[in-house]
Amino acid sequence: MDTAGTGRRTGTIAARARTAALLCAAAALAVGSVPVAHAAGPGPGSAPAPAPAPLVVVDCFEEPQVRPDEYLLACGDGNNRLVGLRWHTWGPATATATGTDMVNDCRPNCAAGRFRPYPVQVTLSHPKPWDDQPNTHRFTVIRLVFPEAAPAPVPHDVTYKLVW
């Protein structure tokens, strides 16, 4: 039966089918072309995204460290050192670790004192550009939280500025 209604309906279905096929083909071409264009690299005149600046903590010897196992807090006399550091996060704004703060009790004096362990939670923060190494950022603040006892006279939660 070739009625006007049937012909029109057939024409509409056929037009929709052609449109859908064209849209699917265009989508497939567009999706297929993305990896090829990406694999070829940036187009002319476009610059690649800059790599993030390395993020470090600077030790007493002005050496950059990333996730150090140990970190000397008392540069002058070595009587306070973080050991056994296990880093849970590292950057871009903070770094967090747990470990042990080994502190000399200096009794009766520091030369004859004993090192005592204190469990500690460490947070490094406030990264800033490091003048000594362009394109490198260094943490400038360290926070120590002692979940148990803290070495006297240090409070359970103390923050220091890292100056080296």
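The coordinates are above.
Now for a description of the structure that goes with this document. Quick caveat, the model's predicted, so the values are computed rather than measured.

What counts, and where the lines are drawn
- In every chain, residue numbers begin from 1 and rise along the written sequence.
- In view of the model being predicted, local features appear only for residues whose pLDDT reaches at least 70, and side-chain atom pairs are presented and counted only at 80 or more, with totals across whole chains, interfaces and linings using the full set of residues.
- Think of the side-chain values as coming from all heavy atoms in the structure, minus any hydrogens and water.
- Helix numbering and strand numbering both begin at the N terminus, where a helix is a DSSP run of H or I of at least 4 residues and a strand a DSSP run of E of at least 2.
- Our working definition of a disulfide is a cysteine sulfur pair at a distance within 2.5 Å.

A few words on unusual backbone geometry. Omega for the bond connecting Gly91 with Pro92 falls within 30 degrees of zero, at 5°, which places this linkage in the cis form. Among the structural elements, Pro92 can be located in the loop between strand E4 (80-90) and strand E5 (95-104). Of note, the bond from Ala152 into Pro153 is cis; its omega dihedral lies within 30 degrees of zero at 0°. Within the secondary structure, Pro153 is located in the loop between strand E9 (141-145) and strand E10 (157-161). Of note, the phi angle at Glu62 is positive, near 60°, even though the residue is not glycine. Note that Glu62 resides in the loop between strand E1 (55-58) and strand E2 (64-65). Residues other than glycine seldom take positive phi values, yet Cys106 does so here, at roughly 55°.

Two cysteines joined by a covalent bond between their sulfur atoms form a disulfide. Inspection of every chain in the model, using the stated rule, returns two disulfides. Covalent S-S linkage joins Cys60 and Cys75, the inter-sulfur distance amounting to 1.7 Å. Because the sign of the S-S torsion sets the handedness, a value of about -75° for the bond joining Cys60 and Cys75 places this disulfide among the left-handed ones. Taken together, the residues span a long stretch of sequence, with Cys60 in the loop between E1 and E2 and Cys75 in the loop between strand E3 (71-72) and E4 at a distance of 15 residues. Covalent S-S linkage joins Cys106 and Cys110, the inter-sulfur distance amounting to 1.9 Å. Measuring the twist about the S-S bond at about 95°, one finds the Cys106-Cys110 disulfide to be right-handed. The disulfide pattern of the chain is 1-2, 3-4 when the bonded cysteines are numbered in sequence order.

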